[in-house]
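Fold and geometry: a report
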Amino acid sequence: MEPDSGISPSRNPPQLSWVNLSRNLLLAYQSFGVVYGDLSTSPLYVFPLAFTGKLQDRVNEEVIFGAFSLIFWTLTTIPLLKYVFIVLSADDNGEGGTFALYSLLCRYARLSLLPNQQAADEELSAYRYGPSLHSATSSSLKRFLEKHKKLRVALLVVVLFGASMVIGDGVLTPAISVLASVSGLKQAEHKLTDGVVIVIACVILVGLFALQHCGTHRVAFLFAPVVIIWLVSIFSIGLYNMLHWNPHIIRAISPHYIIKFFHEIGKDAWISFGGILLCTTGTEAMFADLGHFTASSIKIAFGFVVYPCLVFQYMGQAAYLSKNPGAISASFYKSIPGPVFWPVFVIATLAAIVGSQAIITATFSIVKQCQALCCFPRVKVVHTSKHMYGQVYIPEINWILMILTLSITLGFRKTSLIGNAYGLACMAVMFVTTFLMALVIIFVWQKSILLAVLFLLFFWFIEGAYLLAAFIKVPQGGWVPLVLSIIFMMVMYTWHYGTRKKYNFDLHNKVSLKWLLGLGPSLGIVRVPGIGLIYSELATGVPAIFSHFVTNLPAFHKVLVFVCVKSVPVPYVSPEERFLIGRVCPRPYRMYRCIVRYGYKDFRREDGDFENQLIQSIAEFIQMEAVEPQFCGSDTSSVDGRMAVISTTRNPQSNSSLVIAEDVDIGVSSSIQSSRSSTLQSLHSVFDDENPELRRRHVRFQLPPNPGMDPAVREELIDLIHAKEDGVAYIVGHSYVKARRTSSFLKKFVIDIGYSFLRKNCRGPSVALNIPHISLIEVGMIYYV
């Protein structure tokens with residue numbers, strides 16, 4: 001969301017347009033260091049990898065002209081036409097990437113496999129996009145997809161395949177970029193062996209991954225100038241080579257030379273396709289990193305700077321090769337004029353590192369999105385910037401990427417073999433994006449199915465040709481991204497399948513409200529002082545863990561709150577809409593429900609203020625319920641009542657049910673009066689001394705003077721305040737998921753071995769939810785799914 005400048009467009013449009021233009025120009029400058037590092041370094045290896053093996057002996061002027069014509073029209077068709085003019089317009093509230101498209105589709109066609117969507121979610125300000133009316137054809141197709149679960153599963157598999165290929169890019173991009181740039185040393189120092197070059201590349205790669213924990217924002221100011229200097233350098237070198245070696249290369253812009261290329265090479269042209277497609281590597285980053293910038297800024301940067309610089313560089317390199325066909329194996333470095341070789345080599349290495357950094361960061365982001373949508377095990381996500389929410393660091397993924405990248409570099413040792421794998425990964429991601437984009441055209445943009453089919457066929461014809469060429473090279477290294485994607489897909493789908501089965505078990509084993517109401521307000525047990533926060537994935541009903549706890553422990557807290565932390569298929573949920581509060585049973589039971597909603601790009605601030613926000617929200621709901629008729633219900637009614645959005649961002653001192661009486665830090669010298677025992681207080685003091693970083697703000701609430709307040713409301717609010725002062729306990733299920741005895745062998749293998757292994761080796765729910773261990777109660781329970 002752009003900040004409101006307070007300027008009316010009708011009063012002063014020139015000033016407003018100038019503000020937007022200057023902002024987009026600044027973002028365009030910043031985008032060079034984040035988005036275009038990978039795409040701009042592709043000239044290092046495109047021509048050498050397009051003419052490998054026996055094709056090196058068939059290089060002549062006509063072939064080079066045809067290869068450049070293919071590169072020119074590929075750059076024009078895919079990055080410029082498809083991404084800049086079409087795909088960048090399909091953002092999800094400013095966010096881009098594979099999961100952004102899937103999120104849009106899940107909202108408009110209800111294709112999500114996890115049935116935890118609520119009507120209240122559709123009232124989120126970020127939920128709607130574009131027109132809400134559906135055409136007859138799109139509505140019938142929408143109903144068809146929603147009706148057939150297998151099609152929705154297939155769509156999820158396609159999305160996970162695309163995400164897995166992006167992670168594969170995170171492995172292959174650093175390997176090929178750094179190795180291709182460092183290989184320039186062999187042109188200057190002929191005595192250097194391949195082994196020395198490999199060692200230098202591995203040292204740079206280890207340093208690159210070792211610095212990831214610092215976050216890209218610490219060195220971001222260096223990134224944009226590096227890429228800009230690199231683009232200016234390759235533009236200047238390309239222009240010089242074109243004028244010096246062969247100015248007639250400009251004729252190769254004509255598609256006629258593509259026909260000559262096929263006529264000259266014949267069926268072996270498919271081999272060169274596997275290298276030519278690498279001119280588009282990094283294109284997906286323009287869409288995936290859209291959340292950091294604006295569509296206009298990315299279009300400006302690509303259209304006015306990146307695209308012409310790349311065209312002139314390829315044109316100049318082709319002009320040089322047309323007169324020096326024997327230099328095809330190292331065309332970029334051999335085409336550099338001698339006096340500027342070393343400066344260009346240094347800037348090429350730095351640009352390769354920047355490009356690698358960008359794809360590594362994008363890999364972290366997509367893993368975080370997968371985790372938010374229940375498609376990846378819980379891992380530690382560290383936010384490295386207070387201002388850029390998208391900049392994250394995941395330690396486990398970082399070291400896995402480093403090991404895989406070093407293995408690829410040491411195992412293949414040649415950019416040609418890595419390029420075969422790299423091309424397949426990049427083109428597969430584009431292929432998936434084209435398919436999802438066709439569905440977005442139908443369901444989100446409300447265009448005709450014919451237009452979507454034309455879009456799909458046109459770009460699939462081009463990308464399919466390149467993808468087929470990449471598959472031909474599967475035995476020569478192209479198998480790597482396939483193996484990596486299969487492994488990551490198995491992990492993702494196993495986790496999603498197990499999570500979905502566990503959720504369905506909870507859904508079908510909910511506690512009956514009739515049983516709960518039959519126990520009476522005391523629940524048939526002793527109600528001890530304090531608040532019990534019962535965490536569950538259920539957004540409705542009472543989870544089975546509650547009855548399991550009540551059956552085995554004859555005491556429960558005076559105030560119960562069923563907390564559900566759920567992800568919504570939107571990128572961000574504004575703080576004003578985050579808390580959804582409702583009542584589970586009639587007022588005397590003192591049982592509430594709180595749904596805390598996060599978007600797939602949101603992060604949970606560890607500010608220790610969750611308890612205070614929750615109490616404030618419940619108090620607001622209690623008062624709202626007494627005033628607004630739609631939230632009223634008789635004490636005898638069987639309510640799992642209507643829920644209300646409660647904002648926690650306004651000033652707690654104004655127009656609030658509760659006011660802050662005291663604001664201090666918990667510690668040994670705390671003077672907070674509490675009804676907790678001295679033993680428990682001493683335990684808290686010792687815990688806080690040993691864990692000073694987990695100290696939390698303690699807020700005491702008081703009722704404001706309001707003589708007209710309903711006595712029943714006042715009594716409930718007083719009970720809430722006293723329960724808060726008596727302490728808060730977090731009750732979390734420690735579940736063991738097992739397949740039923742009657743299940744198939746495959747299901748038993750997936751659940752009992754695959755899912756169980758992932759659950760044991762990922763972060764626990766209490767850690768992921770930032771729950772203090774001193775207040776944690778775990779309830780063990782076996783799920784037979």
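Residues numbered from 1 in each chain as written. Predicted model: local features only at pLDDT ≥ 70, side-chain atom pairs only at ≥ 80, totals over all residues. Heavy atoms only, no water.

Here is the rule: UniProt positions are given in the numbering used here, feature names are shortened, and annotations may be inferred rather than shown by experiment.
Under an unreviewed UniProt entry, the protein chain has the name Potassium transporter and belongs to Acer negundo. Under the Function (unreviewed entry) heading, UniProt states for the protein chain: "Potassium transporter." The heading Sequence similarities (unreviewed entry) in the UniProt record of the protein chain holds the text "Belongs to the HAK/KUP transporter (TC 2.A.72.3) family."

Overview of the overall build of the protein chain
We apply this condition: Strands here mean DSSP runs of E at least two residues long; helices mean DSSP runs of H or I at least four residues long; both are numbered from the N terminus. Residue burial is assigned from relative accessible area. The probe radius is 1.4 Å, only protein chains are included, and a residue is buried under 20% of its type maximum, exposed over 50%, and partly exposed in between. Contact criterion: two residues are considered in contact whenever any of their non-hydrogen atoms come within 4.5 Å of each other. A 1.4 Å probe and the Shrake-Rupley method give the accessible areas. Residues count as covered only by the protein chains that appear here.
Secondary structure assignment for the protein chain yields 27 helices and 11 strands. Counting every position in the protein chain, which comprises 785 residues, the buried fraction comes to 55%. Considering only residue pairs separated by 6 or more positions, the protein chain has 83% of its internal contacts joining residues 24 or more positions apart. Split by element, the accessible area of the protein chain, about 33000 Å² in all, is 63% carbon and sulfur.

Some details on the pattern of salt bridges
As a reminder, the rule being used: One speaks of a salt bridge when a side-chain nitrogen belonging to Lys or Arg is within 4 Å of a carboxyl oxygen belonging to Asp or Glu.
This model, assessed by the stated rule, comprises 11 salt bridges. Of the charged contacts, one joins Lys 323 and Glu 61 as a salt bridge, the two residues approaching to 3.8 Å between their closest N and O atoms. Residue Lys 323 is located in helix H14 (residues 295–323), and its partner Glu 61 is located in helix H4 (residues 61–84); the two are separated by 262 residues in the primary sequence. Residue classification places Lys 323 among the partly exposed positions, given a relative accessible area of 43%.

Considering the packing of aromatic side chains
For clarity, the cut-off: In summary, the pairing rule links any two rings of Phe, Tyr or Trp, Trp by its six-membered ring, whose centres are within 6.5 Å, and it sorts them by plane angle into stacked for under 30 degrees, edge-to-face for over 60 and tilted for everything else. For a ring to carry a charge above it, either NZ of a lysine or CZ of an arginine must fall within 6 Å of the ring centroid while also lying within 35 degrees of the normal to the ring plane.
Within the structure shown, the criterion is met by 33 aromatic pairs. Seen from their ring centres, Phe 412 and Trp 479 are 6.1 Å apart, and the 90° between their planes marks the pair as edge-to-face. Pair noted here: Phe 412 is in helix H17 (residues 395–412) and Trp 479 is in helix H20 (residues 479–508), with a separation of 67 residues, a long-range link. The structure contains a cluster of three or more aromatic residues connected by ring pairs, namely Trp 230, Phe 332, Tyr 333, Phe 341, Trp 342 and Phe 345. Above the face of the Tyr 257 ring, Lys 260 is positioned so that its terminal group lies 4.9 Å from the ring centre. Here the guanidinium or amino end of Lys 502 rests over the ring plane of Tyr 783, the centre of that ring lying 4.9 Å away.

So, the packing of helix H12 (residues 269–276) against helix H19 (residues 449–472)
Counted only if it meets this: Orientation is described by axes fitted as lines to C-alpha atoms, over the contacting stretch for helices, and by angles from 0 to 180 degrees between their N-to-C directions. Roughly parallel here means an angle under 35 degrees, roughly antiparallel means over 145, roughly perpendicular means 65 to 115, and every remaining angle is called oblique.
Contact geometry of H12 with H19 gives a least axis separation of 8 Å together with a crossing angle of 100°. Considering the angle they form, H12 stands roughly perpendicular to H19. Between H12 and H19, the residues in contact are Trp 270, Phe 273, Gly 274 and Ile 276 and Ala 465, Tyr 466, Ala 469 and Ile 472, respectively.

A word on unusual backbone geometry
Here the phi dihedral of Arg 413 falls at roughly 65°; this positive angle occurs in a residue that is not glycine. Tracing the backbone through its elements, the reader meets Arg 413 in the loop between H17 and helix H18 (415–443). Residues other than glycine seldom take positive phi values, yet Arg 590 does so here, at roughly 55°. Inspection of the secondary structure assignment puts Arg 590 in the loop between strand E5 (579–583) and strand E6 (591–599).

Let's talk about the nonpolar core
A general tendency of soluble globular proteins is for nonpolar side chains to be buried together. For clarity, the threshold we go by: By nonpolar core we mean a set of buried residues, namely Ala, Val, Leu, Ile, Met, Phe, Trp, Tyr and Cys, connected to one another through side-chain atoms within 4.5 Å.
Tyr 36 and Phe 51 are the most contacted members of the largest nonpolar core, which totals 178 residues. It is H18 that provides the largest number of residues to this core, a total of 19 residues. Ignoring any residue separated from it by four or fewer positions in sequence, one finds Tyr 36 in contact with Ser 31, Val 227, Met 286, Ile 298, Ala 301, Phe 302 and Val 306. Of all hydrophobic cores here, the second largest spans 35 residues; its members include Ile 545, Met 591, Cys 762 and Met 781.

A word on a nonpolar patch on the surface
We count it as follows: Residues enter patches when their relative accessible area tops 30% and they take part in no salt bridge; the joining distance is 9 Å for like charges and 5 Å for the nonpolar side chains Val, Leu, Ile, Met, Phe, Trp and Tyr.
Among the surface-exposed residues, Trp 18, Leu 21 and Leu 25 lie close enough to one another that they form a single nonpolar patch of about 320 Å² accessible area. Note on placement: Trp 18 falls in helix H1 (residues 13–34).

Details of the sheet that holds strand E11 (residues 776–784)
What counts here: Strands are labelled as partners when DSSP assigns at least two bridges between them.
Read across the open sheet, the seven strands follow the order E7-E5-E6-E4-E3-E10-E11; overall the sheet is mixed. Of all strands in the sheet, those with a lone pairing partner are strand E7 (644–646) and E11, marking the two edges. Averaged over all neighbouring strand pairs, the angle between strand axes comes to 30°, with direction disregarded. The strands that helix H22 (residues 544–552) touches are strand E3 (526–535), strand E4 (555–568), E6, strand E10 (728–738) and E11; relative to E11, the one it contacts most, it runs at about 115°.

Side note on the packing of helix H16 (residues 341–372) against H17
Let me state the cut-off plainly: Each crossing is labelled by how the near helix is turned from the far one, with a counterclockwise turn of less than a right angle marking it left-handed and a clockwise turn marking it right-handed. Side-chain classes follow a simple rule in which Ala, Val, Leu, Ile, Met, Phe, Trp, Tyr, Cys and Pro form the nonpolar group, Asp, Glu, Lys and Arg form the charged group, and the remainder, Gly included, forms the polar group.
Two elements in contact, H16 and H17, have axes whose closest approach is 10 Å; the angle formed by their N-to-C orientations is 130°. Classified by the interaxial angle, the pair formed by H16 and H17 is oblique. Of the two elements, H16 crosses H17, and the hand of that crossing is right-handed. Judged by residue contacts, Ile 360, Thr 363, Phe 364 and Val 367 of H16 engage Ile 397, Asn 398 and Leu 401 from H17. Taken together, the residues of the contact of H16 with H17 sort by class into five nonpolar, two polar and no charged.

Observations regarding the side chain of Thr 433
By the element assignment, Thr 433 lies in helix H18. Thr 433 gets classed as buried once you look at its relative accessible area, which sits at 1%. The contact partners of Thr 433, leaving out residues within four places of it in the chain, are Tyr 83, Val 87, Leu 101 and Glu 284.

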